[in-house]
Every structure is written in C-alpha cells, then in structure tokens.
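Structure assessment
Each chain is listed here by its residues.
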Amino acid sequence: MAGSSAERIGYITRVQSFSACHRLHSIHLSDEENKRVFGKCNNPNGHGHNYKVEVTVRGNIDRHTGMVMNLTDLKKHIEEVIMVPMDHKNLDKDVQYFSTVASTTENVAVYIWDNMVKALPPGLLYEIKIYETDNNIVVYRGE
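Cut-offs applied
Residues numbered from 1 in each chain as written. Predicted model: local features only at pLDDT ≥ 70, side-chain atom pairs only at ≥ 80, totals over all residues. Heavy atoms only, no water. Pairing = 2+ DSSP bridges. Helix = DSSP H or I, 4+ residues; strand = E, 2+ residues; numbered from the N terminus. Axes fitted to C-alpha atoms, helices over the stretch in contact; angles between N-to-C directions. Parallel < 35°, antiparallel > 145°, perpendicular 65-115°, else oblique. Left-handed = near helix turned anticlockwise from the far one by under 90°. Contact = heavy atoms within 4.5 Å. Nonpolar A, V, L, I, M, F, W, Y, C, P; charged D, E, K, R; others polar. UniProt positions renumbered as here; feature names shortened; annotations may be inferred. Polar contact = N/O pair within 3.5 Å; in protein donor to acceptor, adjacent residues only side chain to side chain. Core = buried A, V, L, I, M, F, W, Y, C linked by side-chain atoms within 4.5 Å. Buried < 20%, exposed > 50% of the residue type's maximum accessible area, 1.4 Å probe, protein only.

Describing the pairing of strand S2 (residues 47–60)
Bridging between strand S1 (residues 9–22) and S2 involves 14 bridges; their strand directions are antiparallel. Opposite Ser19, over in S2, you have Asn50 as the bridge partner. Two elements, S2 and strand S4 (residues 125–131), share 6 bridges in a ladder whose sense is antiparallel. Within S4, the residue paired with Val57 across the bridge is Leu125.

What follows is the structure in structure tokens.
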C-alpha cells in the first residue's frame, strides 16, 4: 500500500501536567449532603492534585506535511486552555466556570474539552484524558 492515495487517519496525543487545588462541593446540595457525597474532599480548605492531561486529536495525515496537525500549535493551545487558567490555581476561586459547577475531574475534563474545541480546527479534538491520581482517570470525548 506504500504510496497509496487513500487518506490515512492519525491520532496525536500531547501530555501536559498541571497542579491545582479545589474543594469538591456542589452549590446544588446542602452542607450535610456535600459532606456525605464528597467526604474528606469536601474539606473547606480544599486539597490539591498534580493532574496529568492527555489531549488527543484525530484527523487526516496531510500528504505534504505528514502531520495531522503541527505539535507546536497543539502545545500552544494547551498552554492557553489548560496552563494559563488552571496551573497553580484554586479551581473553584480562580476559574469562573467552577463558581457554579463542582470541580470534579469529570467537570475539569468537560471544561478543557469545551475550551480546546474553540481553539482547535473543527472536528480535530478526539479525547481528553485526565489522571487525577495514578489510580483515578477520567476520559471525555465530547458526548
């Protein structure tokens, strides 16, 4: 198949780490319900994580450049969408989105997805995967 004119689909993943603190607390639940649902993660002073995020794009491998997209561009978008607003921040107090949305890792993935979709060319974003810890991993694909 070498030299075939058929389109080839490729997946590119860029990994980025950031540190942030948060408190798991929902404005839609009473204080008692929050304590029951979130346990020690509802500590009023919050707690921190060293998150690892994998941003995957999917698209045609360009015949001329050999790339799905330029990794330098992907890195720049990740810097703007993830690092600037969230690294070394209190998610609940520093990121407007989380003033009304509980800062669970699922919702962090949705936040990153929604903002990466705006930054990337249409149809390219495939998946956001966040490692909150080595054992707790969230995958979001825009569904």
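Description of the packing of helix H2 (residues 71–86) against helix H4 (residues 105–119)
Relative orientation of the contacting elements H2 and H4 amounts to 135°, with a least axis distance of 10 Å. It follows that H2 is oblique to H4 by the angle criterion. Crossing of H2 over H4 shows right-handed handedness. Contacts between H2 and H4 involve Leu74, His77, Ile78, Val81, Ile82, Pro85 and Met86 from the first element and Val108, Tyr111, Ile112, Asn115, Met116 and Ala119 from the second. Considered class by class, the residues forming the contact of H2 with H4 number 11 nonpolar, 2 polar and no charged.

Side note on the UniProt feature "binding site: Zn(2+)" (unreviewed entry) in the protein chain
The UniProt entry lists His22, His47 and His49 under the feature "binding site: Zn(2+)" (unreviewed entry), expressed in the numbering used here. A maximum C-alpha distance of 8.4 Å among these annotated residues, which run over 28 residues, shows that they cluster at one spot. Looking at where His47 falls in the secondary structure, it is placed in strand S2. Sequence-distant contacts of His47, defined by excluding residues within four places in its chain, comprise Ala20, Cys21, His22 and Cys41. If near-sequence neighbours (up to four positions away) are discounted, His49 is found in contact with Phe18, Ser19, Ala20, His22, Glu132 and Thr133. A polar side-chain atom of His49 sits 3.3 Å from a polar atom in the side chain of His22.

Thoughts on the sheet that holds S4
Pairing in this open sheet of 5 strands is mixed, and the strands run S3-S1-S2-S4-S5 from one edge to the other. The outermost strands of the open sheet, each flanked by one partner alone, are strand S3 (89–90) and strand S5 (137–140). Strands S1, S2 and S3 of the sheet are contacted by H2, whose axis makes an angle of about 20° with S1. Together, S1, S2, S4 and S5 form the strand contacts of H4, whose direction differs from that of S4 by roughly 145°.

Section: the nonpolar core
Among the nonpolar cores identified, the biggest contains 32 residues, and Ile82, Ile112, Met116 and Ile128 are the most heavily contacted of them. Every element with two or more residues in this core is listed here: S1, S2, H2, H4, S4 and S5. Among the elements that line this core, the one with the most residues is H4, at 7 residues. Here Met116 is in contact with Val55, Leu74, His77, Ile78, Val81, Leu125 and Ile128, once residues within four sequence places are set aside.

A short note on the UniProt feature "active site" (unreviewed entry) in the protein chain
UniProt records the feature "active site" (unreviewed entry) at Cys41, His88 and Glu132, using the numbering of this structure. Checked against the element boundaries, Cys41 lands in the loop between helix H1 (31–38) and S2. Once residues within four sequence positions are removed from consideration, Cys41 is found in contact with Arg23, Leu24 and His47. As for its position among the elements, Glu132 is in the loop between S4 and S5. Exposure remark for Glu132: the relative accessible area of 16% places this residue in the buried category. In this view, Glu132 contacts His22, His49, Asn50, Tyr51 and Thr105; residues no more than four positions away in its chain are not counted. Within polar-contact distance, the side chain of Glu132 engages the side chain of His49 at 3.4 Å.

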